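Summary of structural features
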Amino acid sequence: MRQRFEQQNTIGITAIPDVKFPLRSRDELPPVLKALQHIFITSGLNEKVFSLLEEVVCKDKKQTGRKGMDLWHILVLAVVRHTLSTNWDRMEDLAANHKLIRQIMGIHIESFGIEEIIYPYQTIVDNVSLIDGNVLEKINLLVVEHGHNLLKKKEEEPLRLKTDSYVLETNVHFPTDLNLLWDSVRKCLDITEKIVKQTGLDGWRKIKLHRRNIKNSYRNASQQVFRSGRKYPKAIKQSVVDYLKLAEKLDERFTEVLAMGILANPMTLVLLMELRHYQGYLKKHIDLVDRRILKGETISADEKIYSIFEIHTEWIQKGKNRPSVELGHNLLITTDQYQFIVDYKVMEKQRDPSQVEPLIGRIQNNFVGRIINSHSFDKGFFSKENYAKLKESGIENVILPKKGKQNKEEKQRESEKQFKELRHAHSAIESNINMLEHHGLNRCPDKGLNNYKRYVGLSVLAYNLHIMGNHLIAIEKKKEEEKQKQQERYYRQAA
């Protein structure tokens with residue numbers, strides 16, 4: 001049984017609405033926790049957020065049984081991890097010892113006599129992982145909508161949007177055919193070692209020697225291929241041939257291990273399935289190394305993979321000098337004049353120009369009735385079709401610079417004062433992206449595409465809460481300053 005949050009106030013525990021924040025702190029954590037507190041005490045927003053979390057976390061679960069982690073605790077810990085761009089080990093420590101975080105969770109004990117709640121590492125990981133990327137998109141929209149109500153001065157103030165993309169990297173090393181082959185071999189050896197321990201399988205007494213030999217052969221081949229400058233083609237060829245021979249021998253041995261599948265127990269069957277998975281990559285990279293280095297073939301991009309652990313990783317070249325190549329996915333970001341991220345999307349094997357039409361549709365669906373005063377892009381999004389669709393959508397000022405040579409009409413349009421001002425203002429999105437990277441979105445440590453998308457959603461949520469929290473703290477700081485001035489006036493008059 002899982003509940004939204006503890007309904008009953010407990011003696012010795014500070015109520016969440018009563019938590020006080022340091023108003024002069026420059027750290028990113030207090031504003032985010034302040035925004036979370038605001039969600040908790042705002043009844044309409046609170047209900048919508050918890051309803052969305054219940055849909056995904058409590059779906060198909062019985063309302064009986066052992067009590068699980070509260071939805072509120074899951075949300076707070078998930079957001080804090082991305083606010084600080086930290087790992088799970090540090091999150092375990094913060095959840096147990098950080099006073100402000102525990103106060104916002106509603107579990108910090110101010111007096112004795114109450115059992116203290118401590119969440120272990122695996123409990124935190126398992127519960128935060130229950131949040132879905134799709135529900136995070138909806139929660140982000142709720143936060144943005146509420147943030148607009150807090151910040152906008154006029155009821156029907158139009159939106160001024162900016163869109164750009166950048167690469168969010170996956171947590172992988174730089175791929176070559178040789179090191180991907182080594183990754184495949186070592187994973188097969190690791191799994192085989194586990195199978196040997198479980199079953200007592202004969203013939204693998206020298207498994208450590210096999211690992212050392214194949215690793216030495218890989219290092220020798222890599223040095224010959226990448227450091228000799230192709231000056232010694234015979235030495236390069238021989239080192240690669242030796243490396244492939246060892247890999248092929250081990251591949252045969254792994255096939256023999258897989259033949260025992262019929263006699264295996266359920267635990268061993270799981271390991272055998274994993275071994276079959278990585279053996280497929282082993283065979284693939286034996287073939288690629290042979291074709292590319294020994295036979296001199298050019299391998300098409302469709303045949304390549306860039307990590308055997310993060311298969312979804314893409315090889316992206318955006319025309320930069322440093323880095324010239326990035327490994328991950330393009331992430332599309334749209335911000336408004338209040339610096340909120342109003343839309344985001346992980347692009348899978350897609351490029352910038354193809355994103356304009358779907359983006360227009362999402363903006364119109366999510367902000368029904370809102371006028372869009374301007375929407376700016378960089379040259380990478382340009383096409384005649386995209387410009388026409390943006391104009392048709394009713395946007396008053398479309399800032400989409402043309403890539404390449406311009407005709408007279410295009411030159412005149414891009415030389416107008418308002419176009420120039422809005423184009424210069426577009427650079428503000430770079431600072432938004434930089435701030436987003438500080439909330440974890442420079443490299444994704446989580447494994448798998450679904451976890452990658454959830455990581456993006458949580459980082460965007462932490463970013464938007466940071467923007468909202470800064471505004472809430474500014475309001476509170478202003479009230480404190482006015483209160484202090486009133487006290488000073490009172491004392492002066494009394495004197």
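The sections below set out a description of the structure shown in this document. Bear in mind the structure is a predicted one, so any value in this text is a computation, not a measurement.

Here's the deal with the overall build of the protein chain
Within the protein chain, the secondary structure is distributed over 17 helices and seven strands. If one aligns the C-alpha atoms of the protein chain with their principal axes, the spans along those axes are about 95 × 80 × 45 Å. For the protein chain, with 495 residues in total, the buried portion stands at 48%. Relative to all contacts within the protein chain whose residues are 6 or more apart in sequence, the contacts with residues 24 or more apart total 72%.

As for unusual backbone geometry
The backbone of serine 85 shows a phi angle near 50 degrees, a positive value even though the residue is not glycine. Residue serine 85 is classed as partly exposed on the basis of its relative accessible area, which comes to 35%. The phi dihedral of lysine 349 is positive, around 55 degrees, even though this residue is not glycine. In this fold, lysine 349 is placed in the loop between strand E4 (341-347) and helix H12 (356-366).

Considering the packing of aromatic side chains
Under the criterion given, the structure shown has eleven aromatic pairs. A ring pair is formed by phenylalanine 50 and tryptophan 72, whose centres lie 6.2 Å apart and whose planes are at 50 degrees; its orientation type is tilted. Of this pair, phenylalanine 50 sits in helix H2 (residues 43-57) while tryptophan 72 sits in helix H3 (residues 71-83), and the two are 22 residues apart along the sequence. Residue phenylalanine 50 shares its accessibility class with tryptophan 72, and that shared class is buried. Positioned above the aromatic ring of tryptophan 88 is the side chain of arginine 81, whose terminal nitrogen or guanidinium carbon lies 4.1 Å from the ring centre.

A short note on the nonpolar core
Core analysis: the biggest nonpolar cluster contains 93 residues, and Leu33, Leu36, Trp72, Leu441, Val456 and Leu465 have the highest contact counts within it. Looking at this core, the element that brings in the most residues is helix H17 (residues 449-494), giving twelve residues.

Digging into the packing of helix H4 (residues 88-97) against helix H6 (residues 121-128)
Their axes nearest at 9 Å, the elements H4 and H6 cross at an angle of 110 degrees. Viewed along their axes, H4 and H6 adopt a mutual orientation that is roughly perpendicular. Facing H4, whose interface residues are Trp88, Asp89, Met91, Glu92 and Ala95, H6 presents Tyr121, Ile124, Val125 and Val128. Residue composition of the contact of H4 with H6, by class: seven nonpolar, no polar and two charged.

A word on the side chain of aspartate 446
Positionally, aspartate 446 belongs in the loop between strand E7 (443-444) and H17. A relative accessible area of 14% places aspartate 446 in the buried class. Within the structure, the side chain of aspartate 446 is placed 3.0 Å from the side chain of arginine 81, a separation counted as a polar contact. Setting aside its immediate chain neighbours within four residues, aspartate 446 contacts Arg81, Trp88, Glu310, Asn451 and Tyr455.

A few points about the pattern of salt bridges
As enumerated under the stated definition, the model contains 20 salt bridges in all. Between arginine 211 and aspartate 190 there is a salt bridge, with its nearest N and O atoms 2.8 Å apart. Within this pair, whereas arginine 211 is found in helix H9 (residues 207-227), its partner aspartate 190 is found in helix H8 (residues 177-199), the two being separated by 21 residues in sequence. Overlapping salt bridges, with partners in common, bring together Asp287, Arg291, Glu297 and Glu303 in one network.

Section: the packing of H2 against helix H7 (residues 133-151)
In the contact formed by H2 and H7, the axes pass within 10 Å of each other and the chain directions differ by 175 degrees. If you check the angle between H2 and H7, you find them roughly antiparallel. Where H2 approaches H7, its residues Leu45, Lys48, Val49, Leu52, Leu53 and Val56 are matched on the opposing element by Val135, Lys138, Ile139, Leu142 and His146.

Section: helix H11 (residues 266-294)
Taking 1.5 Å of rise per residue, 29 residues should cover 42 Å, and H11 covers 41 Å from first to last C-alpha, within 8% of that figure. N-cap assignment for H11: the residue whose side-chain oxygen lies 3.1 Å from the backbone N of methionine 267 is asparagine 265. Positive phi shows up at glycine 296, right after H11, with a value of about 75 degrees.

About the cut-offs
- Along each chain, residue indices are assigned from 1 in the same order as the chain's sequence is written.
- Only residues with pLDDT of 70 or above have their local features reported here, since the model is predicted, and side-chain atom pairs are shown and tallied only from 80 upward, although totals for entire chains, interfaces and linings are computed over all residues.
- Side-chain numbers come from the whole structure's heavy atoms, not from hydrogens or water.
- By the criteria applied, helices consist of DSSP H or I runs no shorter than four residues and strands consist of E runs no shorter than two, each listed in order from the N terminus.
- Each residue's exposure class comes from its accessible area (1.4 Å probe, protein chains only) as a fraction of the maximum for that residue type: buried when under 20%, exposed when over 50%, partly exposed otherwise.
- Whether two residues are in contact is decided by their heavy atoms, any of which lying within 4.5 Å being enough.
- Here the aromatic set is Phe, Tyr and Trp, taking the six-membered ring for Trp, and pairing holds for ring centres within 6.5 Å; pairs whose planes are under 30 degrees apart are stacked, those over 60 apart are edge-to-face, and all others are tilted.
- A ring is considered to have a charge above it if a Lys NZ or an Arg CZ atom is located within 6 Å of its centre and within 35 degrees of its normal.
- For this analysis, a nonpolar core means a set of buried residues of the types Ala, Val, Leu, Ile, Met, Phe, Trp, Tyr and Cys, connected via side-chain atoms within 4.5 Å.
- What counts as an axis is a line fitted to C-alpha atoms, over the stretch in contact for a helix, and the angles between N-to-C directions run from 0 to 180 degrees.
- An angle below 35 degrees is treated as roughly parallel, one above 145 as roughly antiparallel, one from 65 to 115 as roughly perpendicular, and anything else as oblique.
- Under the scheme applied here, ten amino acids are nonpolar (Ala, Val, Leu, Ile, Met, Phe, Trp, Tyr, Cys and Pro), four are charged (Asp, Glu, Lys and Arg), and all others, including Gly, are polar.
- We define a polar contact as two N or O atoms separated by no more than 3.5 Å, with the added condition that, inside protein, one atom must be a possible hydrogen donor and the other a possible acceptor, whereas residues neighbouring each other in sequence contribute only through side-chain atom pairs.
- For this document, the term salt bridge refers to a Lys or Arg side-chain nitrogen within 4 Å of an Asp or Glu carboxyl oxygen.
- The span you would expect from a helix comes to 1.5 Å times its residue count less one.

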